[in-house]
Structures are given as C-alpha cells and as structure tokens.
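Observations on the three-dimensional arrangement
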Amino acid sequence: MKITFLLTRRVPDVPSPVLVEVARHLRAAGHEVDGWIPEDRLLPAHEVQVEADMYVLKSHTEHALSYAAALHDAGAHVVNDYGACLLAQDKVTAARLMRELGVPTPDTWVAQRPEQAADLVGEGPLIIKPHRGHRGAGVHLVQDRSELAALPAMDGPLIVQRHVPGPGEDLKVYVAGETVWAVRKTFDAMSFTRPGRPVPVTPEVYEAAQRVRHGFGLELFGVDVIESPDGPMVVDVNYFPGYKGCPEPAPVIAETLLAAARVVAA
Ligand SMILES: Nc1ncnc2c1ncn2[C@@H]1O[C@H](COP(=O)(O)OP(=O)(O)O)[C@@H](O)[C@H]1O
Ligand SMILES: [Mg+2]
C-alpha cells in the first residue's frame, strides 16, 4: 500500500523524529511511505489526483486542510478522517460536540468582536481566542470589562470561553487508538517546542479522551486539559499532535495507522 503524509514546515525545519520512526515501522510492515508539504507544490484543484492508497494529514494549515478536503471528495482515504479533523479544528463545532458527548468543557460562545462579551465578563473571567487557533496564538485572558476594552484589535470569529482556574500548567493528553498518554507543561508561545513531564492518566481523563475519540471519529489526536478544582476540563482538541514527551509513541502511532490501512485494504 502507498501511504503519503501531508506534512507541514516544522520549526526548526528538521523531520520529526517521531514521524521518521513511524515511517520506519510502516515500511517494515511492507508499505511504501512518502511525505510532502502541500505548500511546496502547485496542485491542480480542477482534477485532484489520488495517488496514494492512504493519506495521513499531519498539517494544520488552511492549505493542507483544503487539499485534504479535495482528496476526500475525490475518494481518497484520509487519516484522521477529514470530517473529524474539521470538527476538531473549529472550536465552535468542537465545543458543541464535546457537550453532547458529555466531555467536561467550559461554557463557550462565538462572537465577532470582543466587546460583545461585555456582559459575560461581568460574571467572571473569560478566555478569548481565535475560532481556528493553533499553538496558542491570540489567546487572551480577560478579568473584567476594562481588560476586555484594552484588547488589541482581533478578527472574528472569536471564541469566548469561561476561564477554567488551574494549577498554571496544562495537562496535554495524547491519544493513539486505545492508548492515552499525558504530560504536564506550562503553556506559553513556544511551549509546543518543549516536551512535557509524563504523568499517569487518571480514569476520568482516559474516559474523556475515549469519548472524544469515538464521538469525533479521531484516532490520532490530543486534548488540552486544565486540571481544575472541579475536575479535568477539556479546552482544546487537536488532530495528529506531536506527542512530545510521551514515552515511545511511534510504535503505537504506527500500529494505529496500520489498523487504518487494514480497514482501507478491506
Ligand atoms: N477556557 C480556558 N480556561 C483556562 N485556560 C485556557 C482556556 N482556553 C485556553 N486556555 C489556555 O490557553 C492555551 C491555548 O488555548 P487552546 O484553546 O489550546 O488554543 P490553541 O488551539 O491555540 O492551542 C491552553 O493550552 C490553555 O493553557
Ligand atoms: Mg491547544
């Protein structure tokens, strides 16, 4: 089977060691594996060529998502499922679905301009963030109306979310099929480049992760959890994350992809 990874330019620009090892496992199982960055090619949109038996979407750019959509429409097998990636990428659809699934998540609104949240912030602190945000860009904590008024100009749609009080560190939860890992790390603009400290996965976190897995239809994903006094609260769902800090994720990721390949072959 030919398996093609749709990749993104990394910072720094070196291949992900986890992906290199995943590819090694897939090749050892007899598959042909390649990968390229959609932004690096001029791709025909009027006639999309499905050249691989399975595509693995490992990029979160608008460009890669559009191309994955076109591949999906042309009958390609995209992993994670393209529709599931869209659900996760858009924080409006993700918030609604998590509530339906019974995954603990804060109250969430969508707004075009920050000042629309004036009454809400009167009732308690809010997080304001872009609806298709990534890596924490444009995430603001506002405590009151004056902080809301002082926000820099932001383009909507915006996610307005109840701020969840936590220990000052995120619990980054990573999932590959039935396997769930968790690491703790402080969140900042560059935290995606750092591994966290592995910590045990509690039954509550495992349950939330598996509800997201089945409800969204994702097999390789992560959730960002705030460990609040009221229990874990999921504030973000990400398809195919980096698994930084997880012990030996590559064989499990590869096995998850091999299981998807067996479904495609069948
Ligand atoms: N509702 C919230 N309450 C508390 N902290 C939050 C909330 N939403 C986001 N954060 C913090 O901001 C970080 C980035 O927000 P997130 O929703 O994960 O956006 P991104 O898609 O950019 O990763 C989170 O990892 C978390 O530390
Ligand atoms: Mg996040």
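Residues numbered from 1 in each chain as written. Chains lettered and ligands numbered in written order. Predicted model: local features only at pLDDT ≥ 70, side-chain atom pairs only at ≥ 80, totals over all residues.

Digging into the overall build of the protein
For the protein, the helix and strand inventory stands at eight helices and 13 strands. Once the C-alpha set of the protein is aligned to its principal axes, its extents read approximately 60 × 45 × 35 Å. The buried share of the protein, reckoned over its 266 residues, is 37%. Restricting the contact set of the protein to residue pairs at least 6 apart, pairs at least 24 apart contribute 66%. (Helix = DSSP H or I, 4+ residues; strand = E, 2+ residues; numbered from the N terminus. Buried ≥ 20, exposed ≤ 12 C-beta atoms within 10 Å, placed from the backbone. Contact = placed C-beta atoms within 7 Å.)

Concerning the environment of V234
Turning to its location among the elements, V234 is positioned in strand β13 (residues 231-239). V234 sits in the buried class, given 25 other C-beta atoms within 10 Å. Residues V234 and V79, 155 residues apart in the sequence, show an inter-C-alpha distance of 23 Å.

So, the pairing of strand β9 (residues 170-176)
Where burial is concerned, most of β9 is hidden: seven out of the seven residues are buried. Side chains D170, K172, Y174 and A176 of β9 all project onto a buried face; the interleaved residues L171, V173 and V175 project onto the opposite face, where all are buried too. Counting the residues in the hairpin turn of β9 and strand β10 (residues 179-185) gives two residues, including G177, whose phi is positive at 60°. Looking at chain direction, β9 and strand β12 (residues 220-228) are connected through six bridges and run antiparallel. The residue of β12 that forms the bridge with A176 is L220. (Pairing = 2+ DSSP bridges.)

A look at the sheet that holds strand β6 (residues 126-130)
Backbone-to-backbone hydrogen bonds join strands into a sheet, with any given pair of strands oriented parallel or antiparallel. Across the sheet, which stays open at both edges, the four strands sit in the order β5-β8-β6-β7 with antiparallel pairing between neighbours. Whereas interior strands pair on both sides, the edge strands pair on one side only; in this sheet they are β5 (108-111) and β7 (140-142). Strand-to-strand twist of the sheet, defined as the mean angle between neighbouring strand axes without regard to direction, takes the value 25°. With four bridges connecting them, β5 and strand β8 (residues 158-162) associate as antiparallel partners. Bridge pairing in β8 places W109 opposite V160. (Axes fitted to C-alpha atoms, helices over the stretch in contact; angles between N-to-C directions.)

So, the domain arrangement of the protein
Examined at the domain level, the protein breaks down into domain 1 (2-80 + 249-265), domain 2 (88-104 + 166-239) and domain 3 (108-162). For domain 1 versus domain 2, the distance between C-alpha centres works out to 23 Å. Across the contact, 12 residues belong to domain 1 and 12 residues belong to domain 2. Residue contributions to the side of domain 1 that touches domain 2 peak at six residues, all from helix α8 (residues 249-265). (Domains from an automatic or database assignment.)

Looking at the site of ligand 1
Among the 19 residues in the neighbourhood of ligand 1, the closest are listed as G133, V164, F187, V235 and D236. Where the shell around ligand 1 is concerned, the elements lending two or more residues are β6, β8, β12 and β13. For the shell around ligand 1, a count of residues per class yields eight nonpolar, five polar and six charged. (Near = placed C-beta within 6 Å. Nonpolar A, V, L, I, M, F, W, Y, C, P; charged D, E, K, R; others polar.)

Some details on the nonpolar core
Across soluble globular proteins, nonpolar side chains show a tendency to be buried alongside one another. Ranked by size, the top nonpolar core spans 66 residues in total, and within it Y55, A88 and V173 carry the most contacts. Here the element with the most residues in this core is α8; it accounts for seven residues. When residues of this core are assigned to domains, at least three fall in each of domain 1 (2-80 + 249-265) and domain 2 (88-104 + 166-239). The contact partners of V173, leaving out residues within four places of it in the chain, are V180, A182, V205, A209, G222, V223 and V225. (Core = buried A, V, L, I, M, F, W, Y, C linked by C-beta atoms within 7 Å.)

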